Amino acid sequence: GVVVFSMREREGFAAHDAYYEGFASVARELNGKKKLGEVFLFGEKRTDLRLTAREGPDTVTLPDTFGANLGKPISYPSITHLDVAYRKARYLFAVNSASQPVKVRVEGLPEGSITMRDLFGGRTTELSQGEFETSFEPLEVKGWEIKLPKHRR
């Protein structure tokens, strides 16, 4: 979900317009032509696609600044993902939480002709293998709409 705490203009805060545009762009992606909001709300979570960091950090470690982890550093995977089936397509969203580039292998796709459309870049790719590699810039988010054969939806 997206929660906007406050968009009230404040004295001494010059980034109001930039913050507003950031929230508005997310709203357009969720509710616009791609209907990503429907994918997140009504899609069925799947677990057959796997992402493995091949180059770059496997994990990200942050200090526990709020004491939620008893002051111990918090570690989590540099790449996390969501694999969702919705209507006649599958969707894969992935996030690089590292401040460094990470190269990732995506596995678990069926063999045969698969069409992948980059949801944020618009590029369409045809795959014939059950895996591919992609690179993430620091803190980058990627998403794909995947057209799978009927038996794998």
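To be clear, the structure that these remarks concern was listed above.
Conventions we followed
Residues numbered from 1 in each chain as written. Predicted model: local features only at pLDDT ≥ 70, side-chain atom pairs only at ≥ 80, totals over all residues. Heavy atoms only, no water. Helix = DSSP H or I, 4+ residues; strand = E, 2+ residues; numbered from the N terminus. Buried < 20%, exposed > 50% of the residue type's maximum accessible area, 1.4 Å probe, protein only. Phe/Tyr/Trp six-rings, centres within 6.5 Å; stacked < 30°, edge-to-face > 60°. Lys NZ or Arg CZ within 6 Å of the ring centre and 35° of its normal. Polar contact = N/O pair within 3.5 Å; in protein donor to acceptor, adjacent residues only side chain to side chain. Contact = heavy atoms within 4.5 Å. Pairing = 2+ DSSP bridges.

Our focus in this paragraph is the environment of Arg87. Along the polypeptide, Arg87 turns up in the loop between strand 5 (79-86) and strand 6 (89-96). A relative accessible area of 66% means that Arg87 is categorised as exposed. Taking C-alpha positions, Arg87 is 7.8 Å from Gly43, a pair spaced 44 residues apart along the chain.

The subject of this paragraph is the packing of aromatic side chains. Summed over all chains, the structure comprises four aromatic pairs. When the ring of Phe13 is compared with that of Tyr19, the centres are 5.1 Å apart and the planes differ by 75°; the resulting orientation is edge-to-face. Between Tyr91 and Phe93, the ring centres sit 6.4 Å apart and the planes meet at 5°, which makes this aromatic pair stacked. Both residues of the pair, Tyr91 and Phe93, count as buried. Across from the ring centre of Phe136, 5.0 Å away, lies the NZ or CZ of Lys142, which sits over that ring.

So, on to the side chain of Glu145. Structurally, Glu145 can be placed in strand 11 (residues 141-147). By relative accessible area, which is 12% here, Glu145 ends up buried. Here Tyr91 takes part through its side chain, which lies 3.1 Å from a polar atom of the side chain of Glu145. Not counting the four nearest positions on each side in its chain, Glu145 is found in contact with Ala89, Arg90, Tyr91, Thr115, Met116, Arg117 and Leu119.

Moving on: the pairing of strand 11. The side chains of a regular strand alternate between both faces of the sheet. Buried residues dominate strand 11, accounting for five of its seven residues. Across six bridges, the pairing between strand 6 and strand 11 is antiparallel. Counterpart to Val95 in the pairing with strand 11 is Val141. Pairing between strand 8 (residues 114-118) and strand 11: four bridges, direction antiparallel. Across the sheet, the residue bridging to Thr115 is Lys147, located in strand 11.

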